[in-house]
Amino acid sequence: MTDHVTVSAENGIQKLVINRADKKNALTQDMYAVLSDSLNAAETDPKIRVTVITGVADSFTSGNDLMDFLQNPAQDETTPVIRFLHSLANIRKPLIAAVNGLAVGVGTTMLLHCDLVYASDNATFTLPFVNLALVPEASSSYLLPKMLGHQRAAELLMLGEKFSSSKAAQFGIVNEVVSPDKLEETAMAAAAKLAAKAPEALRLTKALIKGDHEAILNRMNAEGEVFQSRLTSPEAREAMTAFMEKRAPDFSKFS
């Protein structure tokens, strides 16, 4: 367990708050475990109708804690990060994200599995996988082209550049952009509306909207295999070393 994720429930709404402000809410394996366990527990708890996930301070999440991730690489379905990604794909109850700031890597890809996403007007999004000599995860290589088309998905996944909440809304990743002081209110109001609706009808509607569940899981697993192999690649070693040394990576020697 960890105190870096706070879990609460009231009026049918489970609230998950990523609470590691000093590290920009970077996720460790322990944090992934709490997030996954909480999502799974909500599935079997009739008192929970919807889950809201958000962060503290100026970050939703800056993605993986790099040192923790390198020391505890994802290896199989029992690994907390893999369990969390599978939970995102498998949960049947509504999931809402309130993106309060920085959303890096999984901080953005997890949004593709949410049913409603609200973002503050100062939030930023980044999918830096290729910049780290890695590949996308969370079935984003399947879901983004499906949502945006090939060219827009390639822009986000291949260039890996930061983009604004207004662009995220333009691309359909975010439902609504609001001021920071209105973000929690907006997300919780939507959650309250969902919590009052017929629960089985909501679950069935979500399943119909999402469509091919097996294709999402298959791509997620395929990404995971390539991602795992990339972690020990020479390109990734150069990218990680450059990151630690606070310099730009030099990929000129690779073909």
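In this text, all values refer to a predicted model and were calculated from it rather than measured experimentally.

Draft legend 1. Quick look at unusual backbone geometry. Positive phi outside glycine occurs at N25, with the angle close to 60°. Positionally, N25 belongs in the loop between β2 (13-18) and α1 (29-43). In this structure N25 comes out as buried when scored by relative accessible area, which is 0%. Notably, A133 is not glycine yet its phi reads approximately 60°, a positive angle. Along the chain, A133 turns up in the loop between β8 (124-126) and α5 (140-148).

Draft legend 2. Examining the pattern of salt bridges more closely. With the rule as written, the count across this model stands at twelve salt bridges. Salt-bridge contacts for D37 lead to R83; the nearest nitrogen and oxygen are separated by 2.9 Å. Within this pair, whereas D37 is found in helix α1, its partner R83 is found in helix α3 (residues 80-90), the two being separated by 46 residues in sequence. Its relative accessible area of 25% is what places R83 among the partly exposed residues. Counted as one network, the salt bridges with shared partners bring together R92, E200 and R203.

Draft legend 3. Highlighting the sheet that holds strand β4 (residues 59-61). If you walk across this open sheet you meet the four strands as β4-β6-β8-β9, and the pairing is mixed. Looking at strand neighbours, the two that pair on one side only are β4 and β9 (163-164), the edges of this open sheet. In the sheet, β8 pairs with β9 via two bridges, with the strands oriented antiparallel. Bridging across to β9, T124 finds its partner in S164.

Rules used in this analysis
- Residues numbered from 1 in each chain as written.
- Predicted model: local features only at pLDDT ≥ 70, side-chain atom pairs only at ≥ 80, totals over all residues.
- Heavy atoms only, no water.
- Helix = DSSP H or I, 4+ residues; strand = E, 2+ residues; numbered from the N terminus.
- Buried < 20%, exposed > 50% of the residue type's maximum accessible area, 1.4 Å probe, protein only.
- Salt bridge = Lys/Arg side-chain N within 4 Å of Asp/Glu carboxyl O.
- Pairing = 2+ DSSP bridges.

Just geometry here; none of it tells us what the structure is for.
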